[in-house]
Amino acid sequence: MERPVNFSAGPAAVPEPVLHRIREELGDWDGTGASVVEQSHRGAPFLDLAARLEERLRRLLGIPRDYRVLLLQGGAQMQFAAVPLNLAGEGGSASYVDTGSWSSRAIDEARRFCRVRVAASSEEDKYRSIPSPEKWKVAPGSAYVHFVANETIGGVEFHEVPAPDAGGAPLVADFSSNILSRPLEVGRFGVVYAGAQKNMGVSGLTVVIVDEALLDRAHPLTPTVVRYADQARADSMANTPCTFAWYVAALVLEWIEAEGGLAIMAARNDRKAARLYKAVDATDFYQNPIAPACRSRMNVPFLLAEKGLDEAFLDEAREAGLIGLKGHRSVGGMRASLYNAIPESGVERLAAFLSDFERRRG
Ligand code: PMP
């Protein structure tokens, strides 16, 4: 039986060839006679996997040599605390840009650890746009400038690396929902971080890519497992890593390379998003309120003109083999997430379903 197309925002669809590999290898991994989840992270086979994982990530993202790659736990939300702890030191301050739910959460968490200045916010515009970086008011002396590269709930995405007047403060960005969706200029950031459960496999792993020059700034009370310098020194094994998530991430990166790399992913993702926005914009029956220039390629939230039809929409979509479309509980409506694992044919099916549903119910 054909599997449904899964538009879940995260944990999200994993490329099918990766699922097949996991199924095949789960009992006996790499000729070791044991599952990957049953063996020491310090054994040679797992250390080899760790090395390949980092190597692939470095190759795909073109990560400069003077950046460290950390593979941590705690999700992106742990980084909401880890970033100020590691970068703002004692009594430091940082500037944040507020473009929606996840940046607001990052701001609230950072306030526990440092002085936060909100350099810009699109709240007054109901988070439908991104404040122009030239107008960001970065506080003098900020340890860094933080933004969320893709707002998974609101469906707002930065399509360029912002270049605000930051007085030399490094950019720090949460790429949880758009990492590996297109090439990234890591060298323009101080820290890039992302949870794995959307475009890098399964939950339990958070990738943190950090400029080595920033490793000496931590608050003295920073716990070892979230302290970048300690984790860098320990090759991300200051505590027992989430071995299964590392394993899946390694397979996903292998799949991306086999498909042709990030330029290919980017081209596909552009086409997928364009196709779906075209279907949503074609009629008043569906609405996406985000300013076209900052619409997310990864998460496409949309409302039905008649709210009473939400349940019917989801039920009929499921029958048509389209799942994971329910919007985030804070905004309602629908959301289709179009991460790398979603094939263009899946988006085509969703677009066809949209017009079919409207024809029958509109
Ligand atoms: N940032 C962004 C952009 C996200 O989409 C999410 C999860 N959906 C998070 C942070 C939080 O991730 P976690 O709950 O895994 O910590």
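In the block above lies the structure referred to throughout.
These notes cover the structure that comes with them. (Residues numbered from 1 in each chain as written. Predicted model: local features only at pLDDT ≥ 70, side-chain atom pairs only at ≥ 80, totals over all residues. Heavy atoms only, no water.)

**Brief notes about the overall build of the protein chain**
When its secondary structure is counted, the protein chain shows nine helices and 14 strands. At 21 Å, the protein chain has a C-alpha radius of gyration in line with the 21 Å of a compact globule built from 362 residues. By principal-axis analysis of the C-alpha atoms, the protein chain measures approximately 60 × 55 × 30 Å. Counting every position in the protein chain, which comprises 362 residues, the buried fraction comes to 56%. Residue pairs at least 24 apart in sequence account for 68% of intrachain contacts in the protein chain once pairs closer than 6 positions are excluded. Counting only carbon and sulfur atoms, one obtains 50% of the accessible surface of the protein chain, whose full area is about 15800 Å². Across the protein chain, the mean location of the 41 positive side-chain charges is 2 Å away from that of the 46 negative side-chain charges. (Helix = DSSP H or I, 4+ residues; strand = E, 2+ residues; numbered from the N terminus. Rg over C-alpha atoms; globule rule 2.2 N^0.38 Å. Buried < 20%, exposed > 50% of the residue type's maximum accessible area, 1.4 Å probe, protein only. Contact = heavy atoms within 4.5 Å. Areas by Shrake-Rupley, 256 points an atom, 1.4 Å probe, with all protein chains shown as cover. Lys, Arg positive; Asp, Glu negative; His and termini not counted. Charge placed at Lys NZ, Arg CZ, Asp CG, Glu CD.)

**Topic: the nonpolar core**
Judged by nonpolar contacts, the single largest core of 61 residues is most densely connected at Leu-61, Phe-175, Ile-179, Leu-180, Phe-189, Trp-246 and Ile-256. Here this core gets eleven residues from one element, more than from any other, and that element is helix α6 (residues 243-259). Phe-313, Ala-336, Val-347 and Ala-351 belong to the second-largest nonpolar core, a separate cluster that totals 30 residues. (Core = buried A, V, L, I, M, F, W, Y, C linked by side-chain atoms within 4.5 Å.)

**Things to note about the site of the ligand**
The ligand sits among 13 residues. The nearest are Gln-77, Thr-152, Asp-174, Gln-197 and Lys-198. Here an oxygen atom of the ligand and a side-chain polar atom of Gln-197 are 2.9 Å apart. A distance of 2.9 Å separates a nitrogen atom of the ligand from a polar side-chain atom of Lys-198. Considered on its own, the ligand offers 400 Å² of accessible surface; in the complex 84% of this is hidden by protein. The greatest single-element share of the shell around the ligand, amounting to four residues, is contributed by helix α3 (residues 75-87). Of the residues belonging to the shell around the ligand, the class tally is four nonpolar, seven polar and two charged. (Near = heavy atom within 4 Å. Polar contact = N/O pair within 3.5 Å; in protein donor to acceptor, adjacent residues only side chain to side chain. Nonpolar A, V, L, I, M, F, W, Y, C, P; charged D, E, K, R; others polar.)

**Considering the environment of Asp-108**
Along the chain, Asp-108 falls in helix α4 (residues 101-110). Sequence separation of Asp-108 and Ser-129 is 21 residues, and the distance between their C-alpha atoms is 21 Å.

**Points about α3**
Given a rise of 1.5 Å per residue, 13 residues ought to cover 18 Å, and the 18 Å separating the end C-alpha atoms of α3 matches this to within 8%. Largest kink in α3: about 30°, centred on Ala-81, with the proline Pro-84 one to four residues after it. Burial within α3 is extensive, with ten of its 13 residues counted as buried. Gly-89 sits one or two residues past α3 and shows a positive phi near 60°. (Expected span 1.5 Å × (residues − 1). Bend = angle between axes of the 7 residues up to and from the residue.)

**Some points on the packing of helix α1 (residues 16-25) against α6**
At their nearest, the axes of α1 and α6 sit 9 Å apart, and the two run at 135° to each other. By the angle between their axes, α1 is oblique relative to α6. The two elements α1 and α6 meet at a crossing, and its hand is right-handed. Here Pro-17, Val-18, Arg-21, Ile-22 and Glu-25 of α1 lie close against α6, whose contacting residues are Phe-244, Tyr-247, Val-248, Leu-251, Val-252, Glu-254 and Trp-255. Per-class residue counts for the contact of α1 with α6 are nine nonpolar, no polar and three charged. (Axes fitted to C-alpha atoms, helices over the stretch in contact; angles between N-to-C directions. Parallel < 35°, antiparallel > 145°, perpendicular 65-115°, else oblique. Left-handed = near helix turned anticlockwise from the far one by under 90°.)

**Overview of the pattern of salt bridges**
Applying the stated criterion across every chain yields a total of 25 salt bridges. Here Glu-25 makes a salt bridge to Arg-21, at a shortest N to O gap of 2.7 Å. You can see Glu-25 and its partner Arg-21 sitting in helix α1, four residues apart, about one turn around the helix. For Arg-21, a relative accessible area of 30% translates into the label partly exposed. (Salt bridge = Lys/Arg side-chain N within 4 Å of Asp/Glu carboxyl O.)

**Topic: the pairing of strand β14 (residues 334-337)**
Neither face of β14 is left uncovered, since the one carrying Met-334 and Ala-336 and the one carrying Arg-335 and Ser-337 both have all their residues buried. With four bridges connecting them, strand β12 (residues 299-304) and β14 associate as antiparallel partners. Within β14, the residue paired with Phe-302 across the bridge is Met-334. (Pairing = 2+ DSSP bridges.)

**Looking at the environment of Leu-61**
One can find Leu-61 in helix α2 (residues 44-61). A C-alpha to C-alpha distance of 21 Å links Leu-61 and Ala-12, two positions 49 residues apart in sequence. In contact with Leu-61, other than residues within four places in its own chain, are Ile-179, Leu-180, Leu-184, Val-186, Ile-209 and Leu-262.

**Structural notes on the sheet that holds strand β5 (residues 145-148)**
Here seven strands make up an open sheet; going across it, the order is β2-β10-β9-β8-β5-β3-β4 and the pairing mixed. The open sheet terminates on both sides in strands that have one partner only, identified here as β2 (67-72) and β4 (115-121). For this sheet the average axis-to-axis angle between neighbouring strands, irrespective of direction, equals 20°. The pairing of strand β8 (residues 171-174) with strand β9 (residues 191-195) spans three bridges and is classified as parallel. The residue bridging Val-172 from the neighbouring strand is Val-191, located in β9. Here α3 sits on the sheet and contacts β2, β3 (93-98), β8, β9 and β10 (206-211); the angle it forms with β9, its principal contact strand, is near 160°.

**A short note on the sheet that holds strand β11 (residues 286-287)**
If you trace the three strands from one edge of the open sheet to the other, you get β11-β12-β14, paired in antiparallel fashion. Two strands in the sheet have a free side with no partner beyond their single neighbour: β11 and β14. With two bridges joining them, β11 and β12 adopt antiparallel strand pairing. Across the sheet, the residue bridging to Gln-287 is Leu-303, located in β12.

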